[in-house]
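# Analysis of the macromolecular model
Spelled out, the chains give:
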Amino acid sequence: GAVVSQHPSWVICKSGTSVKIECRSLDFQATTMFWYRQFPKQSLMLMATSNEGSKATYEQGVEKDKFLINHASLTLSTLTVTSAHPEDSSFYICSALRIQTQYFGPGTRLLVL
Amino acid sequence: DQQVKQNSPSLSVQEGRISILNCDYTNSMFDYFLWYKKYPAEGPTFLISISSIKDKNEDGRFTVFLNKSAKHLSLHIVPSQPGDSAVYFCAVTRNNNDMRFGAGTRLTVKP
């Protein structure tokens, strides 16, 4: 149990376009989901906490207008990278909270050309 | 995140031996502690956890030890297997919120 999926697994886009990443909890409901970013050879960096039915809470330094988060249901949270630029290229990982444990999706590799 | 430190960036162990991964944290308010395993280009996989009311939790080959007074957490893997080779992250959390990760330790288990 506690399976989390992400779609797409990888995406290449042109600079200036927007990209949407989906995170789904497949076998449980998650009131709270999290979005992380991982830079090469670094640990996971929490970007925001997504709460179902309310606004996401962003970490300091993360632009909420650039990284739009929507948690419309108990099994789905989406992250939209708006007007993507090459510096947004990264590995984005979501997680869903079940009891006291976060279960992670497989990640999405974003490359902005 | 400086609240959680994994001081060994890498560890190499012979197959069959014990692997010990260490983690230190600074805030005594953290009440739940986890270990995750991560392969390249994949999301972390939950391994084992322990709450602050315990000092040991065991699951098969994996045992997590918690020393609250020292603010120290460790993961023991015995016997180590080549398939255990991965990056291991410790994570700490408080009241179900605000999970913080260490920088990770790359474990290599040699056949």
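Numbering of residues starts from 1 in each chain and follows the order in which that chain's sequence is written. Ligands are numbered from 1 and chains lettered from A, in the order in which they are written. Local features in this predicted model are restricted to residues whose pLDDT is 70 or higher, and side-chain atom pairs enter the listing and the counts only when it is 80 or higher, whereas totals over whole chains, interfaces and linings include all residues. Excluded from the side-chain calculation are hydrogens and water; included are all heavy atoms of the structure.

### Some words on the overall build of chain A
For chain A, the helix and strand inventory stands at zero helices and 11 strands. We count a stretch as a helix when DSSP gives it H or I for four or more residues in a row; a strand needs E for two or more, and each element gets its number in order from the N terminus. Ordered by position in the sequence, the α and β elements of chain A form the string β-β-β-β-β-β-β-β-β-β-β. Principal-axis analysis of the C-alpha atoms places the extent of chain A at approximately 40 × 25 × 20 Å. By the burial criterion, 51% of the 113 residues in chain A qualify as buried. We call two residues in contact when some of their heavy atoms are within 4.5 Å. Summarising the internal contacts of chain A: among those between residues at least 6 apart in sequence, 54% fall at separations of at least 24. Accessible surface for chain A amounts to roughly 5,600 Å². Of this, 53% is attributable to carbon and sulfur atoms. The positive count covers Lys and Arg only, the negative count covers Asp and Glu only, and His and the chain ends enter neither. Where a charge lies is defined by one atom per residue type, namely NZ (Lys), CZ (Arg), CG (Asp) and CD (Glu). For chain A, the centre of its 10 positive side-chain charges and the centre of its 8 negative side-chain charges are spaced 4 Å apart. Exposure classes here rest on a 1.4 Å probe applied to the protein chains alone. A residue is buried below 20% of its type maximum, exposed above 50%, and partly exposed in between. Areas reported as accessible are Shrake-Rupley estimates using a 1.4 Å probe. Residue values count occlusion only from the protein chains shown.

### Regarding the sheet that holds strand β8 (residues 76–81) of chain A
All names here are of chain A. One requirement defines pairing of two strands: DSSP has to find at least two bridges between them. Spatially, β1-β3-β8-β7 is the arrangement adopted by the four strands of the open sheet, whose pairing is antiparallel. In this open sheet, the two strands that pair with only one neighbour each are β1 (4–7) and β7 (67–73). Strand-to-strand twist across the sheet, computed as the mean angle between neighbouring axes with direction ignored, equals 15°. By the bridge criterion, four bridges tie β1 to strand β3 (residues 19–25) in an arrangement that is antiparallel. Across the sheet, residue Gln6 finds its bridge partner in β3, namely Cys23. Axis geometry follows a simple rule: fit a line to the C-alpha atoms, using only the stretch in contact for helices, then measure angles between N-to-C directions, giving values from 0 to 180 degrees.

### Thoughts on the confidence of the model for chain A
Each residue carries a pLDDT value, the predictor's own confidence for that position, ranging from 0 to 100. Summarising the model, chain A shows a mean pLDDT of 93, and 100% of its residues fall at 70 or more. Mean pLDDT per element in chain A: strand β5 (residues 44–51) of chain A is the minimum at 90, and β3 of chain A is the maximum at 97.

### Details of the packing of aromatic side chains
Paired rings are identified among Phe, Tyr and Trp, the last through its six-membered ring, by centres lying within 6.5 Å, and are further divided according to the angle between planes into stacked (under 30 degrees), edge-to-face (over 60) and tilted (the rest). Taken as a whole and judged by the stated rule, the model has 11 aromatic pairs over all chains. Between Phe67 of chain A and Tyr92 of chain A the ring centres are 6.4 Å apart and the planes differ by 45°, which places this aromatic pair in the tilted class. Taken together, the positions of Phe67 of chain A in strand β7 and Tyr92 of chain A in strand β9 (residues 90–98) put the pair 25 residues apart, joining distant regions of the chain. The two residues Phe67 of chain A and Tyr92 of chain A agree in class, both being buried. One aromatic cluster is present, formed by Phe28, Tyr36, Tyr103 and Phe104 of chain A together with Tyr36, Phe46 and Phe101 of chain B through successive ring pairs.

### Focus on the state of the cysteines
Disulfides are covalent bonds that connect the sulfur atoms of two cysteines. Any cysteine sulfur atom paired with another within 2.5 Å is treated as part of a disulfide. A complete count under the given rule lists two disulfides over all chains for this structure. Paired through a disulfide, Cys23 of chain B and Cys90 of chain B show a sulfur-sulfur distance of 1.9 Å. What sets the handedness of the Cys23 of chain B and Cys90 of chain B disulfide is the S-S torsion sign, and at about 60° it is right-handed. Residue Cys23 of chain B is located in strand β3 (residues 19–25), and its partner Cys90 of chain B is located in strand β9 (residues 86–94); the two are separated by 67 residues in the primary sequence. The class of Cys23 of chain B is buried, set by a relative accessible area of 0%. Of all cysteine sulfurs in the structure, the one in Cys94 of chain A sits closest to Cys13 of chain A, which takes part in no disulfide; the separation is 18 Å.

### Regarding the pattern of salt bridges
The salt bridge definition used is simple: a Lys or Arg side-chain nitrogen within 4 Å of an Asp or Glu carboxyl oxygen. Throughout the structure, instances matching the rule amount to four salt bridges over all chains. As a salt-bridge pair, Arg100 of chain B and Glu59 of chain A come within 3.4 Å of each other at their nearest N and O atoms. Of this pair, Arg100 of chain B sits in strand β10 (residues 97–101) while Glu59 of chain A sits in the loop between β6 (57–58) and β7, which puts the two residues in different chains. According to the relative accessible area criterion, Arg100 of chain B is buried, its value standing at 17%. The exposure class of Glu59 of chain A is partly exposed, given its relative accessible area of 21%. Taking the shortest distance from any N to any O, the salt bridge between Asp84 of chain B and Arg61 of chain B comes out at 2.8 Å.

### Some points on the pairing of strand β6 (residues 56–59) of chain B
Residue and element names in this part refer to chain B. Note: β6 against strand β7 (residues 62–67), four bridges, orientation antiparallel. From the neighbouring strand, Lys56 faces β7, where its bridge partner is Phe65. The turn joining β6 and β7, which pair antiparallel and follow one another in sequence, is formed by two residues; a positive phi near 65° is taken by Gly60.

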